[in-house]
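Below are the chains, spelled out letter by letter.
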Amino acid sequence: MKHIKIWLSLFLTIVLFSCTKLDERFRSELEQNNSASITPAQLLTSAYNTLYDYTIQGNLWNASEISSDEAIAPTRGPDWDDNGLWRALHTQAWNADHDYLSGAFNSLLGSEFAASNVLQFNPSVQQAAEARFIRALSMYEVLDGWDQVPYREDLSNYKITPTTLKGVEAADFVVSELNAIMSDLPAAGPAYTANQNAARALLMKVYLNKGVYANRAAPTFAAADMAQVVTLADQITATNKYSVNVKFFDNFAPTNDVTGTENIFTLYNQNGDKGGNVAASTFAVSHYNMNPGGWNGFSTLSEFYDKFEATDQRRGVYYAYPEGLANPGKRQNVGFLIGQQYNLTTDAALQDRKGAPLAFTPTVALRETGNNLEVTGIRVIKYPYDYPHKDAQQNNDYVIFRYADVLLMKAEALLRNGDAAGGLVVVNTLRAVRGATPLLALDPTALYDERGRELYWEGWRRQDQIRFGTFLGVWNGKPATDASRLLFPIPSNQLSVNPNLTQNPGY
Amino acid sequence: MRQKLLLIITLMCFCFLQSIAQQKTVTGTVMSKEGTPLSDASVTVVGQKTGVRTGSDGTFSINVPATAKQLTISYVGSETQNITIVNASKVAVVLETNSQALENVVVIGYGSARKKDLTGAVSSVQAKDFNKGTYTAPDQLIQGKAAGVLVINNTGQPGSSTTIRIRGSSSIRSSNNPLFVLDGVPLSGGSARAGGQGDNGTNPLNFMNPNDIASIDILKDASATAIYGSRGANGVVLITTKRGKSGVPQISASASAGISNVMKKLEVLSADEYRKALKDYGLTSGDFGNSVDAFDAITRTAITQNYNVAVGGGTENGRYRISAGYLDQEGIVESTDLKKISANFSSNFKFLENKRLGLDINMLVTQTDENVIFNNSFVGFTGNVIAQALQWNPTHLLIKPGTDSAWIDPAVGSTTVNPLAQLRYFQDKQKVNTVIASISPSYKLTNDLEYKLIYSINRQTGVLREQINRLLNNQGVENRGAATIGNAELTNTQVTNTLNFVKQVTSNLNVNATLGHEYLKYDNRFNFQSAQDFPNVGLNYYDFIGYSTQNSRGIGSGASTTTELQSFFGRAILNYKDRYLITGTYRADGSTRFGKNHRYGYFPSIGIAWNVSQEDFLVNNSLINNLKLRLSYGKTGNQEFPSGASLNRFGFGQQSISQSNYGNEDLKWETSATTNAGIDFSIFNSKLSGSVDYFYKKTTDVLFEQNIVQPAPGGKIWVNLPGNVVNSGVEISLNAAVISKKDLTWNIGGNASFLHNEVNGLVGFYQTGALQGQGFSNVLGQRVVAGQPLNVWYLRRFEGLDKATGQSIYTDGGNTLFYSGSPNPKMLLGLFTDLTYKKFTAAINMNGTFGHYLYNNTAASVLGIGNLGTRNIAKAVLGGSIQEAISNAPAPSTRNLEKGNYLKMANASIGYRVGNIGKTFRDLYISVTGQNLFVITKYTGFDPEVSTEASANGIPSIGVEYVPYPSARTFQIGVNFTL
């Protein structure tokens, strides 16, 4: 037995001697305590990258557009049922579990974090301002959709529950942030870098909608807020950086970083470098037999289409651009695609998968059950396809703020402050460039329609409909809805973990 | 010292006295049943300690007292025999292989124990009881063979991955796979297989050659698994490979060849039926006037060849076994195959005069080569090659007339991919090389105490070469072409020190104690490059990837966060009077993964057992031969969450860095507390034996990647949930020796497990079960939610078709989803029988699972009515009392949720023992084996034994069938012999 004790102690000595400390070592990542080498520029790039979820068929776009009167994602027989997610959006019958709504909420707050995180790493004055702009933009979108904006002051410990900024309080926070950073943002430079005019445009959005955030069901608009909108618009104009584009679709073309004379803030897309999924804007609507073949989904509603005059280039034109196809028949290739579609290389008339003419019909239903279910619905192409980069990263920068929007916001503010005539001038100046006949008078409905014609599928429709009080109305496929739908539900996956959130009424 | 001297002198005198007593000489030979001379067998006179050993020709000569009546002949691995020598001077002894002896010792992790000393729930399957046929990985050998063990071949692909669940699923998020240990080397569960885009992944255990495996022991309850601590919660599977037997070198060889065909074809419309359907639906287009069976065109009669040769031999102090295997398994889908070349070397040496120094050296070297097709589950709406074949319009030719070209005819629809083109224009080659080497010296410090070291390295490298031809009409690839090259490596290192103490302390008390220390390190790296835009010049794109366009290129690389595990463990088995047994185990596991506040986890267990049949009142009872009651309780852990989850990490993007998570410093293992009560019995002269076990396993601190309070990085955080998962159940296994006569033996065995699974206390719900196909974007059909079984189905309720419109009717218009049953089987069944009549043998193995629901995603989204006019549909879609509208959306609902009950004749074999042919071939055995012979089920898909990949949000899924690689039915003939 004595021997055993000796051997045992020897064994234990060996074992203890060979003990390891068990510290994790990272080889393809960096650890926080080891993060001195991280530069704010690297984090800022990541913060910009989080914004790519804004693009068409991104969560936020789906929430803002499919829920409105200018877009529909019909279930086409065997296709696009997707467990009813799209129908729930269009009929506003969503609940707190809706994937796209919770996806949008989480994605925006992810942007908020990524932007805030830049501030932890000793950014330069401009870097800090850019990050705070991104954060303000994300928080603003959360305010707009959900009214409750979680805000993390101290990023060091995830156990600290974020405070929640609500309604006007959140709007005021966004305003104060934007004002604080204004002078630190670049006055010039590319549209895909946060800049002073982008901050002004965002401020205009906040002021224009502030009445909504105070009372969504019956908003009133303070004269001071409207005056701010006008002032900011004039400041943007005064920078002389923007002009209304003679060719509407130049703003969205593959080279829109150069040709897009209206673009104030965009998301950078560059083949061979990086970018978001701007191609989805084509794929989401394009029929399988078109070039590029797409997913044959989203359409617009015929009532919306009918608001355009035939001469209005925004409704659609033959748009010749260097990255386009030969298009020998000079067929309409942008805007609202309706009727027979053509092969843009050979000009042959296209057929659907059953051999019937590929001719988009104005009528479309939320559930398509007819023999022509492949071709129902007018399709919308806002971003001209970048054919040299087919099936690859497209070069079209994705537009968030545009000068035409600024002008229409100004017109609306003038109108709301009683200066309909002043507003009319602004609107008609714009319409003239677009090829539309001048309006004779400006009232809220006319302005609302004009915003629709100008900004369709750019992600602002839900907000506009709420501001103009039409969001709960009836349109194709959608019954009247109650005031609870003016807010999205707080996603159940956040509600269950964040005690500082309360579910919005009606959910 | 003086005393010892005295003793020796006395002994010498005694021997001398003995030798001058009346003596006689007995000579003889010792042979195996197969007629092999056994060398080094021990021959002793009964009641005496001295004896002789046989020579290499098996002969011996021994002087015995004239009064000696019996000799004892013993040989490792054989039944010890006593033979009478009263009137004999020459004897011929034939020793039977002692299967009983092997079965009575069970490998229990860091040692072995007599089966009768066990207090835990352990199932042991010997090679002779393995499933018959050709298998690529060891887990398939025990399917249906052990109670409480679910093995699902996920698809029919050669080398397919499997789903293994021991006593149900106890983890929500992390792996539910058991820990596999190969000859004392714990495996990480990972593989260096690089994986391509069309690929479903294969079994990480494919590197093993099933022919080299001697036994598989499955540790199920905490008394058995707690010695594996933080990796024991999902059970432990111990694989023991064959060892050389002492004796002259022997070559044993086997060869088999088989043919495989599709076990079940799905019924789709023939060309004529399709034309009729078009007419019935008033469709004018869609008939191309021909008649084609695309599924036949992509499938084939596949040939499997398997050759194994092993050389074993040695002496009692130095044994070795060298084996080599070659498997060439063609898949039943054209252009798929798996080739495996494996070599195995094992040796056991004893050194020094006192033989106290032992040395085991093992080495396994394997290369697998696979050709994989595009049959992934996550392939988008144009489907994988199986879907493309099923959907192919039966009136349209696959090959363009007058050419050999797989036809991509826009007329059949631009989104329709010709399955033959998909096969020809898509290449995915996977190569994995594995070397596992271990060296294990041991030294007997005293007679009772042995020190042992195991040092092992498991090194794998994997290479992927993949290309998609520019001719294929895949979005993004057409007219461009694509190629990917990928590399992966895996290096696992193990150092295990153990001290074993085995002693009979008093006549009534036996002690078997183990103390150990273990260090494990897991290391993975990968890199890949992909590119596009290649010309067709008759070469493989991946061999000149530099031609590609700059902007199409993608690269990536990564190295795993170091994962190290350091453990201290101990076990003591006390046996009092062979009646009262107690086992205590304890393991402390330290892991780099755990948060700094919980670096070490502690896992104790205790088991007690009572061998009732050893009590005086049962000894020699003719009815009850063995009766043992077992009770155990213990805690085991699961630490299968990603490394780095406890720390804030920053990941790299292109020229950017972002924080990828919030680390949880409190993160730790999940703990399963298992109570097990069991009874082992054998009755009626041991003709009927079996076990019944009840277990209750409550898993707490459940590891989960929970939603984090936003704004936060990554959206999720790894936590130990306050909720719990409960698995409970009853396992019964029975074996009956129905007939055991000289010329006729017949055994029947079976096991049944009844499992219950429930999630409690989870806040909110989490979704998984990704359903696939056109119209199924972002559809998740399963939930993890409190009060329901794990992965409960959550779907719309289908109420039939509307008579007027032919559209589906759903409860509440489809706006409400319902909990619709569990995908986890409630009952597992294994049945097997074997029969020997003279030289004939026969064996049948069946298995089944019951009480669960499968989602037939193939029927739901691949073969729905909406295809009519462009693509094919399932025959079952037609012919109902209500004509389904062609526009009826194939929405995910209970319509395609089917009962998964099945009973499968997994394999059956008949054989004939030819015996020796001349002097060269000995022990010749020929057999015919069938695999997947038939399935009894109401499930309408390919095979109810299925689980295609459907995980989402990182949460594993089970029970979805989405156009899997179809199962094969195989017939093979095999021959075994020794030289």
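Look a little higher up for the structure.
Residues numbered from 1 in each chain as written. Chains lettered and ligands numbered in written order. Predicted model: local features only at pLDDT ≥ 70, side-chain atom pairs only at ≥ 80, totals over all residues.

### Digging into the overall build of chain B
1) Next: When helices and strands are tallied, chain B shows 8 helices and 52 strands.
2) Next: For a compact globule of 979 residues, the expected C-alpha radius of gyration is about 30 Å, and chain B comes in at 31 Å, within 12% of that figure.
3) Next: The buried share of chain B, reckoned over its 979 residues, is 53%.
4) Next: Here the contacts in chain B between residues at least 6 apart in sequence split such that 70% fall between residues at least 24 apart. (Helix = DSSP H or I, 4+ residues; strand = E, 2+ residues; numbered from the N terminus. Rg over C-alpha atoms; globule rule 2.2 N^0.38 Å. Buried ≥ 20, exposed ≤ 12 C-beta atoms within 10 Å, placed from the backbone. Contact = placed C-beta atoms within 7 Å.)

### Description of the packing of helix H2 (residues 40–49) of chain A against helix H6 (residues 125–146) of chain A
All names here are of chain A.
1) Next: In the contact formed by H2 and H6, the axes pass within 10 Å of each other and the chain directions differ by 25°. In terms of their interaxial angle, H2 and H6 are classed as roughly parallel. Every pair of crossing elements has a handedness; the one defined by H2 and H6 is left-handed. Counting all contacts with H2, which are made through Pro40, Ala41, Leu44, Ala47 and Tyr48, the residues of H6 involved are Gln127, Glu130, Ala131 and Ile134.
2) Next: Grouping the constituent residues of the contact of H2 with H6 by class yields 7 nonpolar, 1 polar and 1 charged. (Axes fitted to C-alpha atoms, helices over the stretch in contact; angles between N-to-C directions. Parallel < 35°, antiparallel > 145°, perpendicular 65-115°, else oblique. Left-handed = near helix turned anticlockwise from the far one by under 90°. Nonpolar A, V, L, I, M, F, W, Y, C, P; charged D, E, K, R; others polar.)

### Some details on unusual backbone geometry
1) Next: The omega angle of the peptide bond from Asn291 of chain A to Pro292 of chain A is 0°, so this bond is cis rather than trans.
2) Next: Relative to the elements of secondary structure, Pro292 of chain A occurs in the loop between helix H11 (280–283) and helix H12 (302–305).
3) Next: The step from Gln710 of chain B to Pro711 of chain B runs through a cis peptide bond, and the omega angle for that step is 0°.
4) Next: Structurally, Pro711 of chain B can be placed in the loop between strand E35 (702–707) and strand E36 (716–721).
5) Next: If you check the backbone angles, Asn122 of chain A has positive phi at about 50° while not being a glycine.

### Concerning the nonpolar core
1) Next: Judged by nonpolar contacts, the single largest core of 228 residues is most densely connected at Phe133, Leu202, Met204 and Val229 of chain A together with Leu390 of chain B.
2) Next: Looking at this core, the element that brings in the most residues is H6 of chain A, giving 11 residues.
3) Next: Once you skip the residues sitting within four places of it in the chain, Phe133 of chain A turns out to touch Ile181, Leu185, Ala194, Ala198 and Ala199 of chain A. (Core = buried A, V, L, I, M, F, W, Y, C linked by C-beta atoms within 7 Å.)

Honestly, it's all geometry; don't read function into it.
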